[in-house]
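# Structural overview for review
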Amino acid sequence: MAGETSFEWPGEGVSRVPYRVYSDAEIYEAEQDRIFRGPVWHFVMLEQEIPQPGDYRRARIGDTPIVAIRDADGAINAMVNRCVHRGNLVCIDEAGRADGRLTCVYHNWTYDLAGRLKSVAFQKGAGGKGGMPADFDLAAHRMTPLRVAVYRGLVFVTLSGDTPPLVDYLGPEMCANIDRVLGRDMVILATYSQSMANNWKLYMENVRDSYHASLLHLFFTATRINRLSMEGGIRLSERGWHHISYSIAATDREEPEYDPGKLRAADDDYDIADPRVVRGWPEYACGTTLAIQSVFPNFVLQQTLNSIALRVCVPTGKDACELSWRILGCASDGEAARAARIHQSNLIGPAGLISMEDGIVGSWVQQGTRRDPDKTSIVEMGGRDVAPSPGSRATEVSVRGFWQGWRDLMEI
């Protein structure tokens, strides 16, 4: 049966993660049903990306292709991007504008902007012969609709009727951080994507792993953008599967753990030739200089200094995924602020001074784990439970929270 899995989780619970989950085809297929088509919300785009009636954009939730389109009344509709006739993609271009209808290029079946079937080419046949049966009812067929919800310009969709309202799904703490970072008129400065040779969950673990930044990212530590010696912590949603990791650079203090003889990343011989990449301004009254927020399963809102970005990690196979980025600024930014955000955007992305390491480490884990599916990761930093960690980021609690949510949905 679709969505079934046939392995047992280790008795230690979410403090152990079996390597099998990163490379097993059966698990990958079950995720498509239970997670990506399950009772969760999926970020797909910004509302501003389809501003006018007829504007559409393609996306994927798991391996299901979808299209979101603005209708004549200004509402956003979303449908599985599949013709009801023979299953062809209806929208081929990544983005475009429909003139009141969507047409499948294969056999010219047409739909309105809500995905309802409106016409069939040669429905009556040709020359009085052929055509569809006399009782064929256009109104009985449509592209599969999705539920749509928008929060602070972020467009989320779900295929499940059981998914709770979006604000309930996010919860008050997650909404509060989105409000803080995106509660203004935002504009897209750039977009790009990268392909990674690892299971999507390895990247989402990395996002939630708050203490690797002091170990993997030399640039973070050397420039004192983010160190565990700063005040900060981990906030979790009530269910534990969404998280926020945050820090305040002005509170940094000297710690013996940052001895260069102990940590590869604690190398004070490095300096920065172009300080514009880290030069900014105090933008938030709370003093937060770094906040990484994840919304289960695969959405990330990032604030690094004054660099704001959205990320979504979509699986493209059991051992591959695509990470898409949207770099944001504020419509009210002056020339200097806009320039500073653009300079700081060099910290992130596939070649970023920080996140280029995140783009490769997942593939190394994929290589290291694929042949021993029954062995496990140890996820005990900060304990074995799933509870907020308000005073420390030397913890893997949000990784455990991810696996708690994943196991709930997968019924494992």
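Residues numbered from 1 in each chain as written. Predicted model: local features only at pLDDT ≥ 70, side-chain atom pairs only at ≥ 80, totals over all residues. Heavy atoms only, no water.

## Quick look at the overall build of the protein chain
Along the protein chain, the regular secondary structure elements total 9 helices and 19 strands. Over its C-alpha trace the protein chain gives a radius of gyration of 23 Å, about what one expects of a compact globule, namely 22 Å for 412 residues. Projected onto its principal axes, the C-alpha coordinates of the protein chain cover approximately 85 × 55 × 35 Å. Here the protein chain holds 412 residues, and the buried ones make up 52% of them. Within the protein chain, residue pairs in contact and separated by at least 24 positions form 64% of the contacts whose partners lie at least 6 positions apart. In the protein chain, which carries 44 positive and 53 negative side-chain charges, the distance between the mean positions of the two groups comes to 4 Å. (Helix = DSSP H or I, 4+ residues; strand = E, 2+ residues; numbered from the N terminus. Rg over C-alpha atoms; globule rule 2.2 N^0.38 Å. Buried < 20%, exposed > 50% of the residue type's maximum accessible area, 1.4 Å probe, protein only. Contact = heavy atoms within 4.5 Å. Lys, Arg positive; Asp, Glu negative; His and termini not counted. Charge placed at Lys NZ, Arg CZ, Asp CG, Glu CD.)

## Topic: the nonpolar core
Counting residues in hydrophobic clusters, the biggest one holds 73 residues, and the most contacted among them are Val21, Leu154, Leu182, Phe296, Leu310, Trp403 and Trp406. Of all hydrophobic cores here, the second largest spans 17 residues; its members include Ile69, Cys83, Ala98 and Leu113. (Core = buried A, V, L, I, M, F, W, Y, C linked by side-chain atoms within 4.5 Å.)

## With respect to the sheet that holds strand 7 (residues 102-103)
The strand order across the open sheet built from 3 strands is 7-8-9, with neighbouring strands paired in antiparallel fashion. If you trace the sheet from one side to the other, it starts and ends with strand 7 and strand 9 (117-119), each paired once. Note that strand 7 and strand 8 (residues 110-111) share 2 bridges and pair antiparallel. Looking at strand 8, one finds that leucine 102 is bridged to tyrosine 111. (Pairing = 2+ DSSP bridges.)

## Section: the packing of aromatic side chains
Inspection of the entire model under this criterion finds 16 aromatic pairs. Considering the side-chain rings of tryptophan 9 and tryptophan 403, the 5.6 Å spacing of their centres and the 45° angle between planes classify their relative orientation as tilted. With tryptophan 9 in the segment before strand 1 (16-18) and tryptophan 403 in helix 9 (residues 397-410), the pair connects residues that are 394 residues apart, well separated along the chain. Residue placement shows arginine 180 over the ring face of tyrosine 284; its charged tip is 4.6 Å from the ring centre. One residue, arginine 235, lies across the ring of tyrosine 246, its end atom 4.3 Å from the ring centre. (Phe/Tyr/Trp six-rings, centres within 6.5 Å; stacked < 30°, edge-to-face > 60°. Lys NZ or Arg CZ within 6 Å of the ring centre and 35° of its normal.)

## Remarks on the environment of leucine 189
Locating leucine 189 in the fold gives a position in strand 12 (residues 186-196). Along the sequence, leucine 189 and alanine 320 sit 131 residues apart, while their C-alpha atoms lie 27 Å from each other. Excluding its chain neighbours within four sequence positions, the residues that come into contact with leucine 189 are Ile327, Leu328, Gly329, Arg338, Arg341 and Ile342.

## Regarding the environment of aspartate 55
Along the chain, the position of aspartate 55 falls in strand 3 (residues 55-61). Residue aspartate 55 is classed as buried on the basis of its relative accessible area of 8%. Sequence separation between aspartate 55 and glycine 405 is 350 residues; the distance between their C-alpha atoms is 35 Å. With sequence-adjacent residues up to four places away left out, aspartate 55 is seen in contact with Ile50, Ala68, Ile69, Arg70, Gly96 and Arg97. For aspartate 55, the side chain forms a polar contact with the side chain of arginine 97, separated by 2.7 Å. (Polar contact = N/O pair within 3.5 Å; in protein donor to acceptor, adjacent residues only side chain to side chain.)

## Notes on the pairing of strand 3
Taken together, the 3 bridges between strand 3 and strand 6 (residues 95-97) define a ladder with antiparallel strand orientation. Within strand 6, the position partnered with arginine 57 by the bridge is alanine 95. Inspection of the sheet shows strand 3 paired to strand 4 (residues 64-70) by 6 bridges, in the antiparallel sense. Within strand 4, the residue paired with alanine 59 across the bridge is isoleucine 66. Linkage of strand 3 to strand 4, two consecutive antiparallel strands, is achieved through a turn of 2 residues, within which glycine 62 is found at a positive phi near 65°.

## Side note on the sheet that holds strand 2 (residues 42-46)
Pairing within the open sheet is antiparallel, and its 7 strands lie in the order 2-11-10-5-4-3-6. Strand pairing shows two members of the sheet lacking a second neighbour, strand 2 and strand 6, which therefore form its edges. Ignoring strand direction, the axes of neighbouring strands in this sheet form an average angle of 30°. (Axes fitted to C-alpha atoms, helices over the stretch in contact; angles between N-to-C directions.)

## Regarding the packing of helix 4 (residues 200-208) against helix 9
Put simply, helix 4 and helix 9 touch, their axes get as near as 8 Å, and they point 140° apart. With respect to each other, helix 4 and helix 9 are oriented oblique. In terms of crossing hand, the pair formed by helix 4 and helix 9 is right-handed. Contacts between helix 4 and helix 9 involve Trp200, Lys201, Met204, Glu205 and Arg208 from the former and Ser398, Val399, Phe402, Trp403 and Trp406 from the latter. Of the residues contributing to the contact of helix 4 with helix 9, the split by class is 6 nonpolar, 1 polar and 3 charged. (Parallel < 35°, antiparallel > 145°, perpendicular 65-115°, else oblique. Left-handed = near helix turned anticlockwise from the far one by under 90°. Nonpolar A, V, L, I, M, F, W, Y, C, P; charged D, E, K, R; others polar.)

## Remarks on the packing of helix 4 against helix 8 (residues 356-369)
Relative to each other, helix 4 and helix 8 sit at 125°, their axes nearing to 9 Å. As far as their axial angle goes, helix 8 and helix 4 are oblique. As for how helix 4 packs across helix 8, the hand of that crossing is right-handed. Contacts from Leu202, Tyr203 and Asn206 of helix 4 reach helix 8 at Asp358, Val361, Gly362, Val365 and Gln366.

## Considerations on the state of the cysteines
This model, assessed by the stated rule, comprises 0 disulfides. The thiol sulfur of cysteine 91 is not disulfide-bonded, and the nearest other cysteine sulfur, from cysteine 104, lies at 9.8 Å. Here cysteine 91 falls in the buried class, since its relative accessible area comes to 3%. Of all cysteine sulfurs in the structure, the one in cysteine 286 sits closest to cysteine 330, which takes part in no disulfide; the separation is 14 Å. (Disulfide = S-S within 2.5 Å.)

Purely geometric stuff here, so don't read any function into it on its own.
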